[in-house]
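# Reading the structure
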2 protein chains.
Amino acid sequence: MDRQLLKTFVAVAEAGSFSAAAPRLHCVQSNVTTRIKRLEDQLGGALFERGRGGAQLTQLGERLRYHAEDLLTRFEAAERDLLDAASRSAPLRLGAMESTAAVRLPHLLKALTQACPTAPISLHTGPTAELLSLVWQQKLDAAFVAGPVDASRFQSLVGFRETLVMAQATEPSATAPLLSFRSGCSYRAVAEAWLRSLGKSDTRILDMGTLDGILGCVEAGIGFAVAPQAAVTAYRNAEALRVSALPPAFAISETHLVWRQDSAMTRAHRTLCDLIARPEGEERVSVG
Amino acid sequence: MDRQLLKTFVAVAEAGSFSAAAPRLHCVQSNVTTRIKRLEDQLGGALFERGRGGAQLTQLGERLRYHAEDLLTRFEAAERDLLDAASRSAPLRLGAMESTAAVRLPHLLKALTQACPTAPISLHTGPTAELLSLVWQQKLDAAFVAGPVDASRFQSLVGFRETLVMAQATEPSATAPLLSFRSGCSYRAVAEAWLRSLGKSDTRILDMGTLDGILGCVEAGIGFAVAPQAAVTAYRNAEALRVSALPPAFAISETHLVWRQDSAMTRAHRTLCDLIARPEGEERVSVG
DNA sequence: CATGGTTACGCGTATCGTAAAAATG
DNA sequence: CATTTTTACGATACGCGTAACCATG
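Given the structure is predicted, the values throughout are model-derived calculations rather than measurements.

## Observations concerning the overall build of chain A
- Along its length, chain A carries 13 helices and 11 strands.
- In summary, chain A has a C-alpha radius of gyration of 24 Å against a globular reference of 19 Å for 288 residues, an excess of more than 25%.
- Overall, chain A is about 75 × 50 × 35 Å in size when its C-alpha atoms are taken along their principal axes.
- Counting all 288 residues of chain A, 47% fall into the buried class.
- Expressed as a percentage of contacts within chain A between residues at least 6 apart in sequence, the contacts between residues at least 24 apart total 72%.

## A few points about unusual backbone geometry
- You will see that Q138 of chain A, though not glycine, has its phi angle at about 60°, which is positive.
- Here Q138 of chain A shows up in the loop between α7 (128-136) and β5 (142-146).
- A relative accessible area of 16% means that Q138 of chain A is categorised as buried.
- For H26 of chain B, which is not a glycine, the phi torsion comes out positive at approximately 55°.
- Topologically, H26 of chain B is positioned in the loop between α2 (18-24) and α3 (29-43).
- On the accessibility criterion, H26 of chain B (74% relative accessible area) is exposed.

## Things to note about the relation of the copies chain A and chain B
- Mapping chain A onto chain B is achieved by rotating through 180° and translating by 0.1 Å along the same axis, at an RMSD of 0.1 Å. The transformation relating the two chain copies, once decomposed into turn and shift, fits a two-fold axis. Within chain A, R3 of chain A has its C-alpha nearest the rotation axis, a separation of 3.2 Å.
- Of the interface residues in chain A, 100% have counterparts in chain B that sit at the interface too, so the contact is made through matching surfaces.

## Here we look at the domain arrangement of chain A
Residue and element names in this part refer to chain A.
- Considered domain by domain, chain A is made up of domain 1 (3-85), domain 2 (93-158 + 254-277) and domain 3 (162-252).
- Computed over C-alpha atoms only, the centres of domain 2 and domain 3 are separated by 25 Å.
- Listed per partner, the contact involves 10 residues of domain 2 and 13 residues of domain 3.
- The junction of domain 2 with domain 3 conceals about 900 Å² of combined surface from both sides, 58% of it contributed by carbon and sulfur atoms.
- Taken as a group, E98, S99 and V103 account for 47% of the area that domain 2 buries against domain 3, more than any other trio of residues on that side.

## Description of the side chain of D141 of chain A
Residues and elements named next belong to chain A.
- Here D141 is to be found in the loop between α7 and β5.
- The exposure class assigned to D141 is buried, which follows from its relative accessible area of 10%.
- In this structure the side chain of D141 is engaged in a polar contact, spanning 3.1 Å, whose partner is the side chain of R80.
- Within polar-contact distance, the side chain of D141 engages the backbone nitrogen of R93 at 2.7 Å.
- Those residues in contact with D141, other than ones at most four positions away along the chain, are R80, P91, L92, R93, V258, W259 and H269.

## Considering the interface of chain A and chain B
- Taken together, the contact between chain A and chain B spans 26 residues of the former and 26 residues of the latter.
- Both sides of the chain A and chain B interface together cover about 2400 Å² of buried area, and 62% of this is carbon and sulfur.
- Looking at the side of chain A facing chain B, the largest losses of area belong to M1, F75 and L82 of chain A, adding up to 26% of the total buried there.
- Applying the counting rule to chain A against chain B returns two salt bridges.
- The residue D81 of chain A makes a salt bridge to R63 of chain B at a minimum N-O spacing of 2.8 Å.
- At the surface where chain A touches chain B, the tally comes to six residue pairs in polar contact (both at pLDDT 80 or more).
- Elements supplying a minimum of two residues to the side of chain A that touches chain B: α1 (3-15), α3 (29-43) and α4 (59-85) of chain A.
- With 14 residues, α4 of chain A is the largest single contributor of residues to the side of chain A that touches chain B.
- A breakdown of the residues in the side of chain A that touches chain B according to their chemical character gives 12 nonpolar, five polar and nine charged.

## What about the protein's contact with DNA strand C?
- In the vicinity of DNA strand C lie 18 residues, with N31 and R35 of chain A together with Q29, K37 and R50 of chain B positioned nearest.
- R35 of chain A places a side-chain nitrogen or oxygen 2.8 Å from a phosphate oxygen of DNA strand C.
- Elements with a minimum of two residues in the surface near DNA strand C: α3 of chain A together with α2 and α3 of chain B.

## Comments concerning the protein's contact with DNA strand D
- Within the structure, DNA strand D sits among 20 residues, and Q29, K37, R50 and R52 of chain A together with N31 of chain B are positioned closest to it.
- Taking the atoms of DNA strand D that fall within 4 Å of the protein, sugar and phosphate contribute 70% of them.
- The backbone of S19 of chain A places a nitrogen or oxygen atom 2.9 Å from a phosphate oxygen of DNA strand D.
- For the surface near DNA strand D, the secondary structure elements donating two or more residues are α2 (18-24), α3 and β2 (54-57) of chain A together with α3 of chain B.

## Here we look at α3 of chain A
Residue and element names in this part refer to chain A.
- Helix length check: α3 (15 residues) gives 21 Å between terminal C-alpha atoms against 21 Å at 1.5 Å per residue, within 8%.
- If you check which residues of α3 are buried, you get V32, R35, I36, L39, E40 and L43. For α3, the angular spread of buried residues about the axis comes to 140°, placing them on one side.
- Following α3 by one or two positions, G44 adopts a phi angle in the positive range, close to 75°.

## Quick look at the packing of helix α1 (residues 3-15) of chain B against helix α4 (residues 59-85) of chain B
Residue and element names in this part refer to chain B.
- Between α1 and α4, whose axes approach to 9 Å, the crossing angle comes to 120°. If you check the angle between α1 and α4, you find them oblique. Handedness of the α1/α4 crossing: left-handed. Where α1 abuts α4, its residues R3, L6, K7, F9, V10, A13 and E14 lie against G61, L64, R65, A68, E69, L71, L72, F75, E76 and E79.
- Classifying every residue of the contact of α1 with α4 gives nine nonpolar, one polar and seven charged.

About the thresholds
Residues numbered from 1 in each chain as written. Chains lettered and ligands numbered in written order. Predicted model: local features only at pLDDT ≥ 70, side-chain atom pairs only at ≥ 80, totals over all residues. Heavy atoms only, no water. Helix = DSSP H or I, 4+ residues; strand = E, 2+ residues; numbered from the N terminus. Rg over C-alpha atoms; globule rule 2.2 N^0.38 Å. Buried < 20%, exposed > 50% of the residue type's maximum accessible area, 1.4 Å probe, protein only. Contact = heavy atoms within 4.5 Å. Least-squares fit on C-alpha atoms with pLDDT ≥ 70 in both. Domains from an automatic or database assignment. Buried area = accessible area lost by both parts, 1.4 Å probe. Polar contact = N/O pair within 3.5 Å; in protein donor to acceptor, adjacent residues only side chain to side chain. Salt bridge = Lys/Arg side-chain N within 4 Å of Asp/Glu carboxyl O. Nonpolar A, V, L, I, M, F, W, Y, C, P; charged D, E, K, R; others polar. Near = heavy atom within 4 Å. Expected span 1.5 Å × (residues − 1). Arc of directions from axis to C-beta. Axes fitted to C-alpha atoms, helices over the stretch in contact; angles between N-to-C directions. Parallel < 35°, antiparallel > 145°, perpendicular 65-115°, else oblique. Left-handed = near helix turned anticlockwise from the far one by under 90°.

The following block contains the structure:
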């Protein structure tokens, strides 16, 4: 029972067939057959029931899957910890909501890469629920999500405390749509909740990928947006926007950095926490 | 970071040198060099400091050792669980005090091998403390030890409740030595405690390996012994022995079967527990 | 200079990919 | 009959052991 065999096995279990697993493993399908057969020989029982529609786990297979996923995850966690302890620091797999990624991360990641030049940093964006799941599965080391956070499963740090405002064109239209990031964004969730509280459940929503795009459309009078105050005032043509406060219940948005409490923190991860804990301004002073 | 590499690494760490590790791994020393080098390349740092007296772990090596031992143990636990789930049941690695092994296990193991013919059963004998350590390290699946047992770390079952008696020749001598199993045996510990309570701390002790040998020597008038009543009455020439009771504080000895509570129980293990839970007499009836 | 680690090298076999055959619904 | 798995087979490369070569206390 080797690591490669377990990887192959899990890939087949996930892909649902031998042939679909092969490309994921960067090998040909006959190799998959051989390896699964070896595994089955070693364990003395069938792991899959082969049929027309691919391969389905047997009872024994289900059991192996449980162990295999656990073992492989632990392998990877150990590898990261050791890479970090050795010369090069381990890669940091970061997650963030799209809005956070757009508004806040550029400065932060710049500082982080300066502080940890050897740590490759990857970023996955997605809605809060997906990010939490990925962190829990240890596919991500940490993620920026909308708070509050379940403290029994995750460790967390308040990353950013935003004041949300509404931005609209100087000539507002009554039937203007809400311009927002894709579904799952916490700013969007706030905006929707706010609109519901006003009884405006029929407001149209336009999805956009970037904050600049959203504010650009707002400026053009296409609709209105709910966004962090800092982002709005930093907009290149901020004076063209009319900014109004949200009711206090909706105005404050906290973004937390979360990670599994039982996973070892890598160097880059600790550095990130330091950068968040200390105000950004102070950072600049120490550099300049 | 492969399983074999970790095995090699741990072997070197335990053996203290590359050359000493090689025979344990059933390979030649140059292979050890190659594998450790691969590991070091992958992690990007040295794992050992090579010197005259062998190889010593670096800081990174210590860290890897922690992970490696954990991973390897989990691998083996998973393997056992899966072998058990597949056709053949997993091997049962049993431990027992020497006296238990001699007096009680023959019947029990016979019944167990009948009930689980496909499970290879191995037996390691040793004193209670060693057995508990081996069970904790998951080198043994379960062991018979002298109670009481630390319930926070181990799960246990009362295996045998013995009445201990003193056996001596019909013509006892005042300066006779105690005939006993090797140090660490719980019967011997009882005998020593009893003698201490009588102020006879100068009694000589003769070590023997088998109960028959001990009772044979008792019969020959060489000394006296503390042994389970059942074993004494079952002795082939029992009428030649004079049996006397021990004070109640020393007469009762409980042998527990213990195992780690967080390890999955294999088929043979469950069967063993069943056999212990039900009285042996009943077993015979169902067979005859 | 003896002990222990490294490097060089030839060899066997495990594992790879290609390709054809068998199974399955 | 299309899709998926198994088997056959030659080529490559990986990992083994032998043996000679270094390092070091």
